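Breakdown of the fold
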2 protein chains.
Amino acid sequence: MRHSALDDVYCSVARSWAVVGERWTMLVLREAFLRTRRFEDFQRRLGIARNVLAERLARLVEEGVLERRLYQDRPPRHEYRLTQKGLDLYPALVALMQWGDRYACTAPPVTLVHEPCGAPADPRFVCSACGEEIDPRDMRPEVAEGAFELPAR
Amino acid sequence: MRHSALDDVYCSVARSWAVVGERWTMLVLREAFLRTRRFEDFQRRLGIARNVLAERLARLVEEGVLERRLYQDRPPRHEYRLTQKGLDLYPALVALMQWGDRYACTAPPVTLVHEPCGAPADPRFVCSACGEEIDPRDMRPEVAEGAFELPAR
């Protein structure tokens, strides 16, 4: 099954994965959240092959995660900015970062400061109804009919 | 750069990605959180090639995300269960699911019920200091020295 076939599975994780699950994509998004906008800067900061970077950026633009904008006319130059759809990937990115902080780095490479309160924020996942922190053992999945079905071949 | 070289970048996202960023891995984890434990059940539910599934499970065991336990002696049969390190991937998985719910599915395939309060929980990401919901535009990253540096080649 090719990666793109994930699009067809009735599963929100599979469909997200079809957009962001390619090699390098999450690091391109990390850079976008760090306000990297230009091809040359993505390339230099990630040390990634130009053709791979071009392909990843094009895919994120096609999916509406990034917007490609002209910022200079002569010669024409474009920059890449997160759309609202792209900004909404922030929790996924931060959750991966926190897991890496805990299990894969001796000291966190990035500390996130929550500007409205001024404190270093270690974002927490809480229940929208009661506000308590989420423990996966407390969550019961109710699975809709047809969920996870594979596309017919 | 091979995927595994991500291990060496001083970046928590890159290091998480080196563990979970392979094709299919996040869906194997989805199944583990749905309490799928046996090879045959993973295989049937995901419709994934056996060799790919075996490789993904072995990698997750090697990384300490899953634990392989004998559940039957004759013939020997093993099952795969999430460790605490694996359970701690739940926020990342749910964040990807929520994004897919919003942008890629007409109706959510899975609803999560928070058993302690009994309500369908739409988990939210909040600041650990002030409790307000996180808006990515409010977060200022403080980047440690050496962060994101690529390994010497």
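The following refers to the structure shown. (Residues numbered from 1 in each chain as written. Chains lettered and ligands numbered in written order. Predicted model: local features only at pLDDT ≥ 70, side-chain atom pairs only at ≥ 80, totals over all residues. Heavy atoms only, no water.)

**Let's talk about the interface of chain B and chain A**
Many authors give the size of an interface as the accessible area that is lost as the parts come together. Facing 87 residues of chain B, the contacting portion of chain A comprises 87 residues. Buried area between chain B and chain A, both sides added, is near 8300 Å², and the carbon and sulfur share of it is 68%. A per-residue breakdown of the area chain B buries against chain A is headed by B:Trp17, B:Trp99 and B:Phe125, which together make up 10% of the total. Inspection of the region where chain B meets chain A yields six salt bridges. B:Asp88 is the salt-bridge partner of A:Arg102, the closest N and O atoms lying 2.9 Å from each other. Between the two partners, chain B and chain A, sit 32 residue pairs in polar contact (both at pLDDT 80 or more). The leading source of residues in the side of chain B that touches chain A is helix α6 (residues 90-103) of chain B, at 14 residues. Its residues assigned to classes, the side of chain B that touches chain A comprises 56 nonpolar, 11 polar and 20 charged. (Contact = heavy atoms within 4.5 Å. Buried area = accessible area lost by both parts, 1.4 Å probe. Salt bridge = Lys/Arg side-chain N within 4 Å of Asp/Glu carboxyl O. Polar contact = N/O pair within 3.5 Å; in protein donor to acceptor, adjacent residues only side chain to side chain. Helix = DSSP H or I, 4+ residues; strand = E, 2+ residues; numbered from the N terminus. Nonpolar A, V, L, I, M, F, W, Y, C, P; charged D, E, K, R; others polar.)

**What about the pairing of strand β1 (residues 66-72) of chain A?**
Residues and elements named next belong to chain A. Sheet analysis places β1 next to strand β2 (residues 77-82), joined by six bridges and oriented antiparallel. Bridged to Gln 72 within β2 is Arg 77. Linking two consecutive strands that pair antiparallel, namely β1 and β2, is a turn of four residues. (Pairing = 2+ DSSP bridges.)

**A look at the relation of the copies chain B and chain A**
Of the transformation placing chain B onto chain A, the axial shift is 0.0 Å and the rotation is 180°, giving an RMSD of 0.0 Å. Expressed as a symmetry operation, the mapping of one chain copy onto the other fits a two-fold axis. Mapped onto chain A, 100% of the interface residues of chain B are again interface residues, and the two copies thus contact each other with one and the same surface. (Least-squares fit on C-alpha atoms with pLDDT ≥ 70 in both.)

**Describing the environment of A:Glu149**
Residue and element names in this part refer to chain A. Structurally, the position occupied by Glu 149 is in the segment after β6 (139-143). Take Glu 149: its relative accessible area is 53%, and that puts it in the exposed class. The spacing of Glu 149 and Val 9 is 140 residues in sequence and 5.9 Å in space, taken between C-alpha atoms. Beyond its immediate stretch of four places on either side in the chain, Glu 149 contacts Val 9 and Tyr 10. (Buried < 20%, exposed > 50% of the residue type's maximum accessible area, 1.4 Å probe, protein only.)

**Comments concerning the side chain of A:Ser16**
For A:Ser16, the position within the fold is in helix α1 (residues 12-20). By relative accessible area, which is 0% here, A:Ser16 ends up buried. In this structure the side chain of A:Ser16 is engaged in a polar contact, spanning 3.1 Å, whose partner is the backbone nitrogen of B:Gly100. If we ignore the near neighbours within four places in the chain, the residues touching A:Ser16 are A:Gly21, B:Leu96, B:Trp99 and B:Gly100.

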